[in-house]
Amino acid sequence: DAGVTQSPTHLIKTRGQQVTLRCSPKSGHDTVSWYQQALGQGPQFIFQYYEEEERQRGNFPDRFSGHQFPNYSSELNVNALLLGDSALYLCASSLVGGWSYEQYFGPGTRLTVT
Amino acid sequence: DQQVKQNSPSLSVQEGRISILNCDYTNSMFDYFLWYKKYPAEGPTFLISISSIKDKNEDGRFTVFLNKSAKHLSLHIVPSQPGDSAVYFCAAIYPGNTPLVFGKGTRLSVIA
């Protein structure tokens, strides 16, 4: 049973550039959430996708956008990168209507903006 | 404003002893709480959870206690093992399967 996978593992970008991160959810899951974890902090919710639509959004600017595909995989796009966007980006999958609120996390993508 | 607080950045415990990790929350609307464990270079892994209608949930060596009146929960690990050394995150969720709200984490070191 494949868990949540994310790519790439690491990424180095320059200020002002754009980046796309990818996530495949755990088999059987239909909802993908993205979190940003800055150094020394807990993960912060960015947004959640279900049925190919953004269902909920955290307190992040419009530079952060996403997409969910028919196979439930998802992308996170960040435009006009800032130094402060350097963080670990985590993808989590879950099942709407499932009996558990548990979300399964991928290993994350470490983004460094220079 | 942090809604979920883990006030101890780190904790060191001898192998075989009890580890107690604490978490406080500010919003009484939270109705479900979860603990995640995170090793370096890995994503958080679900450990144990508790509904707001309960005050205790046990799973093997791990027990979570919830004190709603104090808005406080704790994770007990007995006995602690070196493999338990990791960062532990407390998370809370509002009704309706909303996003997880995390604390900043507590780094547990279990010394052999």
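Please refer to the structure higher up on the page.
About the thresholds
Residues numbered from 1 in each chain as written. Chains lettered and ligands numbered in written order. Predicted model: local features only at pLDDT ≥ 70, side-chain atom pairs only at ≥ 80, totals over all residues. Heavy atoms only, no water. Helix = DSSP H or I, 4+ residues; strand = E, 2+ residues; numbered from the N terminus. Rg over C-alpha atoms; globule rule 2.2 N^0.38 Å. Contact = heavy atoms within 4.5 Å. Lys, Arg positive; Asp, Glu negative; His and termini not counted. Charge placed at Lys NZ, Arg CZ, Asp CG, Glu CD. Pairing = 2+ DSSP bridges. Axes fitted to C-alpha atoms, helices over the stretch in contact; angles between N-to-C directions. Buried area = accessible area lost by both parts, 1.4 Å probe. Salt bridge = Lys/Arg side-chain N within 4 Å of Asp/Glu carboxyl O. Polar contact = N/O pair within 3.5 Å; in protein donor to acceptor, adjacent residues only side chain to side chain.

Chemist: Go over the overall build of chain B, please, and point to the residues and values.
Modeler: When helices and strands are tallied, chain B shows zero helices and 11 strands. For chain B, the succession of helices and strands along the chain, N to C, is β-β-β-β-β-β-β-β-β-β-β. On C-alpha atoms alone, chain B measures out to a radius of gyration of 13 Å, which is about the 13 Å that the 2.2 N^0.38 rule sets for 112 residues. Once the C-alpha set of chain B is aligned to its principal axes, its extents read approximately 40 × 30 × 20 Å. In chain B, 54% of the contacts between residues at least 6 apart in sequence involve partners at least 24 apart. With 11 positive and 9 negative side-chain charges, chain B shows a spacing of 4 Å between the two charge centroids.

Chemist: I'd like a rundown of the sheet that holds strand β7 (residues 64–68) of chain A, residues and numbers included.
Modeler: All names here are of chain A. Ordered in space as β1-β3-β8-β7, the four strands form an open sheet in which the pairing is antiparallel. The open sheet terminates on both sides in strands that have one partner only, identified here as β1 (5–7) and β7. Taking each pair of neighbouring strands and ignoring which way they run, the sheet shows an average axis angle of 20 degrees. Note: β7 against strand β8 (residues 74–78), five bridges, orientation antiparallel. The partner of Phe-64 across the bridge, within β8, is Val-78.

Chemist: Run through the interface of chain B and chain A, naming residues and quoting values.
Modeler: Facing the 20 residues of chain B at the interface are 19 residues of chain A. Summed over both partners, the interface of chain B with chain A buries about 1,700 Å², with 56% contributed by carbon and sulfur atoms. Where chain B meets chain A, there are zero salt bridges. Along the contact surface separating chain B from chain A lie two residue pairs in polar contact (both at pLDDT 80 or more). Of all the secondary structure elements, the ones that give two or more residues to the side of chain B that touches chain A are β4 (32–38) and β9 (86–93) of chain B.

Chemist: So, the pattern of salt bridges: which residues are in play, and what are the values?
Modeler: All names here are of chain B. One pass over the structure, following the stated rule, counts five salt bridges over all chains. The residue Asp-84 makes a salt bridge to Arg-61 at a minimum N-O spacing of 2.8 Å. In this pair, Asp-84 is assigned in the loop between β8 (72–77) and β9 and Arg-61 in the loop between β6 (56–59) and β7 (62–67), connecting sequence segments 23 residues apart.

Take it as geometry only, folks, not as evidence of what the structure does.
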